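Spelled out, the chains give:
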Amino acid sequence: MTPVSAISQQIWDMKYRLKAADGAPIDKTIEDTWRRIANAAAAPEADAAGWAERFYTALDGFKFLPAGRIVAGAGTARNVTLFNCFVMGTIPDDMGGIFAHLREAALTMQQGGGIGYDFSTLRPKGAPVKGVGADASGPLTFMDVWDAMCRTIMSAGFRRGAMMATLASDHPDIEAFIDAKREPGRLRMFNLSVLVTDAFMQAVKEDAPWELTFGGVSFKTLRARELWDKIMRATYGYAEPGVIFIDRVNRRNNLHYCETIRATNPCGEQPLPPYGACLLGSINLAALVRDPFTETARLDEAELDRIAPLAVRMMDNVIDISRFPLPEQQAEAKAKRRIGLGVTGLADALIMCRTRYGSEAAVRLTESWLGRLRRVAYQASIDLAREKGAFPLFDREPYLAGESVQELGTELRDGIARHGIRNALVTSIAPTGTISIMADNVSSGLEPVFSFSYTRSVLMPDGTRRTEDVSDYAFRLYRRLYGESAPLPDYFVDAQKLTPSEHLVMQAAVQKYIDSSISKTINCPEDISFEAFKDVYIQAYELGCKGCTTYRPNPVTGAVLTAKKPEGKPVQGTLPLAKPAVRPADQ
């Protein structure tokens, strides 16, 4: 078997390999990393040794990929959280409360957690501040303070902090929020998303007037389409803001009866209530394809059925072994025990099954795979509830009445009615990022392959960036099987060749089977016209998505990834990973 690529080994060594204070490796091989995680996740079990071995079989070969905080922190005894991200508490509209929440944000980021905030609770610029004879500076000025704080904190694992800021579509400062990133260098530690309501979308459809209000006071009225056009021109120009269809998020939330959501984690895959925590893991579909590129290519569904329950159990145990930056976060996580099990390598798996991303066949196959994952994962959580008890805030009748729960099918609903469910929410699709690179650079999350050969900017421990040449897992496997000169079949499609609609149909297909949300970027070519672009968010809304983010190359935001033409064979490294990723062609 061929060793994994050099950048995969580098990512493991730099971000996830456990080392002593003097830099000496404690994890000698990737198997040591998997053993460390498996042992830590099995600690709450009565048969810890037996479950550790079972968990190891899911991790080995990069089949199940826990999120980066788990890989970096589990079993290390470090004072870090194993949760990737948090949505912080509701910010009160007073100076003392604002800076108390800034402190909470700093403590959370110090332990390695990304954060999301809704700034809609802060009065708009120019509003009177009673008792001090002054006017409010508005939420954007306080976002600048958060941005400065984030830039000063190096969170665990050589990674800069990440933040999400949301603002309601009827907040009086929404126009300034939309335009905030036109200013070079401003709010660069934030992703920005507008909280879009059903009422606003209806007003856009009808070209109705839209009132901007705060605290019952109307500050301005404008045409809804005028505001919508501002959003679309901003995201066309510099890739922000995204949109979150917040009424749909709350309506379809399994916990609709006991929480209200106003923000998400930084990448958007976890809409969360105040102090909600984001626990993620992904099954690597590319590692489960058998007979790739042949007429009998298929996903090993029996292996998926075996791995998913192990992943659910591991993630549920992580809730109990993790540290939390704040007691409020621990209370929230343990009361609801939400997890976010998803997939990565979807695009590579489709390619290996000779299916073009964005096609009708890809939608059918994706729905089959994700439907199966949802069914198996929910059943695993029901089985855990029977063994260990349902999550503390489980309330049978309202939970079963939830819109998403109603779609689970009779067997699962009957199981929930009898036994409850261990985890309030079970599924999510994360961006996976460096975790997928570590797994021999499989395609990330549900994203298409960015490019089959590209240059990636890698953040180094000293804060500098280094560019690395990278090639895709399925691309390298095809070249190895059929030769360097073999022409690529038409199902080898990358993000540069897809239309926005092809991105959206895949996002919508996956969202049907995800109870939380999805991290997905609609990559658009630089030369796409505004006319061809401007309806992307409306299409996302009509297709049932919970949010949407786009990216068109532009001089304001730059890029982490840069496509390039493939040149020769990828260079292999020498770090002692010992075992490669699972190679379906060798089985």
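The rules behind the values
- Numbering of residues starts from 1 in each chain and follows the order in which that chain's sequence is written.
- Local features in this predicted model are restricted to residues of pLDDT 70 or higher, and side-chain atom pairs are both shown and tallied only at a pLDDT of 80 or more, whereas totals for entire chains, interfaces and linings draw on every residue.
- Heavy atoms from the whole structure form the basis of all side-chain values; hydrogens and water molecules are not counted.
- Only DSSP runs of H or I covering at least 4 residues are called helices, and only runs of E covering at least 2 are called strands; the numbering of each starts at the N terminus.
- Each residue is assigned to one of three classes by its accessible area relative to the maximum for its type, calculated with a 1.4 Å probe on protein chains only: buried under 20%, partly exposed between the two thresholds, exposed over 50%.
- Residues count as neighbours in contact if any of their non-hydrogen atoms are within 4.5 Å of one another.
- Here the accessible surface of atoms and residues is derived via Shrake-Rupley with a 1.4 Å probe, and residues count as covered only by protein chains that are part of the display.
- Positive charges come from Lys and Arg alone, negative charges from Asp and Glu alone, with His and the N- and C-terminal ends not counted.
- Lysine's charge is taken at NZ, arginine's at CZ, aspartate's at CG and glutamate's at CD.
- A pair of strands is considered paired only if DSSP assigns at least 2 bridges between the two.
- Interaxial angles span 0 to 180 degrees and are taken between N-to-C directions of axes, which are lines fitted to C-alpha atoms, for helices over the stretch in contact.
- Side-chain atoms within 4.5 Å link the members of a nonpolar core, which is a set of buried Ala, Val, Leu, Ile, Met, Phe, Trp, Tyr and Cys residues.
- Should an angle lie under 35 degrees it is considered roughly parallel, over 145 roughly antiparallel, and from 65 to 115 roughly perpendicular; all remaining angles are considered oblique.
- Two helices cross in a left-handed way if the nearer one is turned anticlockwise from the farther one by less than a right angle. They cross in a right-handed way if the turn is clockwise.
- Amino acid classes used here: Ala, Val, Leu, Ile, Met, Phe, Trp, Tyr, Cys and Pro are nonpolar; Asp, Glu, Lys and Arg are charged; the rest, including Gly, are polar.
- The arc in question is traced by the directions running from the helix axis to the C-beta atoms.

Things to note about the overall build of the protein
Check the secondary structure of the protein and you find 21 helices and 25 strands. With respect to the three principal axes, the spread of C-alpha positions in the protein is 70 × 55 × 55 Å. Residues counted as buried form 60% of the 587 residues belonging to the protein. Considering only intrachain contacts with a sequence separation of at least 6, the fraction spanning at least 24 residues in the protein is 75%. Surface exposure of the protein reaches about 21900 Å², of which carbon and sulfur atoms provide 52%. Taking the average place of the 69 positive charges on the side chains of the protein and the average place of its 70 negative ones, the gap between the two points comes to 3 Å.

Remarks on the sheet that holds strand 23 (residues 547-548)
The strand order across the open sheet formed by seven strands is 15-2-3-8-9-12-23, and the pairing between neighbours is mixed. Taken across any chain shown, the strands that pair with only one partner, and hence form the sheet edges, are strand 15 (277-278) and strand 23. In terms of strand pairing, strand 8 (residues 163-168) meets strand 9 (residues 190-196) through six bridges, oriented parallel. If you follow M164 over to strand 9, its bridge partner there is N191. Strands strand 3 (114-118), strand 8 and strand 9 of the sheet are contacted by helix 6 (residues 139-152), whose axis makes an angle of about 175° with strand 8.

Side note on the nonpolar core
Counting residues in each nonpolar core, the largest one holds 175 residues, and the members touching the most others are F64, F119, W146, L341 and M438. Considering each element in turn, this core owes the most residues, 11 residues, to helix 14 (residues 360-388). Membership of the second largest hydrophobic core comes to eight residues, among which are C85, V87, A263 and L272.

Here's the deal with the sheet that holds strand 19 (residues 340-344)
Pairing in this open sheet of three strands is mixed, and the strands run 1-16-19 from one edge to the other. Here the strands that pair on one side only, and so sit at the sheet edges, are strand 1 (64-66) and strand 19. For this sheet, the mean angle separating the axes of adjacent strands, direction not counted, is 25°. One ladder, built from five bridges, connects strand 16 (residues 280-284) with strand 19; its direction is parallel.

Details of the pairing of strand 11 (residues 217-223)
One ladder, built from six bridges, connects strand 10 (residues 209-214) with strand 11; its direction is antiparallel. What sits directly across from L212, in strand 11, is K220. Counting the residues that bridge the hairpin from strand 10 to strand 11 gives two residues, and of these G215 lies at a positive phi of roughly 60°.

Re the packing of helix 14 against helix 16 (residues 410-419)
Orientation of helix 14 relative to helix 16, taken along the N-to-C sense of each, is 15°, at an axis distance of 9 Å. The orientation of helix 14 with respect to helix 16, classified from their angle, is roughly parallel. Along this stretch, helix 14 crosses helix 16, giving a crossing that reads as left-handed. Contacts from R375, Y378, Q379, I382, A385 and R386 of helix 14 reach helix 16 at E411, L412, G415, I416 and H419. Residue classes in the contact of helix 14 with helix 16 are distributed as five nonpolar, three polar and three charged.

Things to note about the environment of T260
Summarising the element assignment, T260 is placed in the loop between helix 10 (246-251) and strand 13 (263-264). Setting aside residues up to four positions removed in sequence, T260 forms contacts with N250, P273 and P274.

Section: the side chain of N84
With respect to the secondary-structure elements, N84 resides in the loop between helix 4 (68-73) and strand 2 (85-87). N84 gets classed as buried once you look at its relative accessible area, which sits at 11%.

Let's talk about helix 16
All buried positions along helix 16 are accounted for by L412, G415 and I416. Mapping the buried residues of helix 16 onto a view down its axis gives an arc of 100°, with all of them on the same face. Set apart from the buried face of helix 16 by more than 90 degrees, the exposed residues are T410, E411 and R418. Remark: G420 follows helix 16 within two positions and exhibits a positive phi of approximately 80°.

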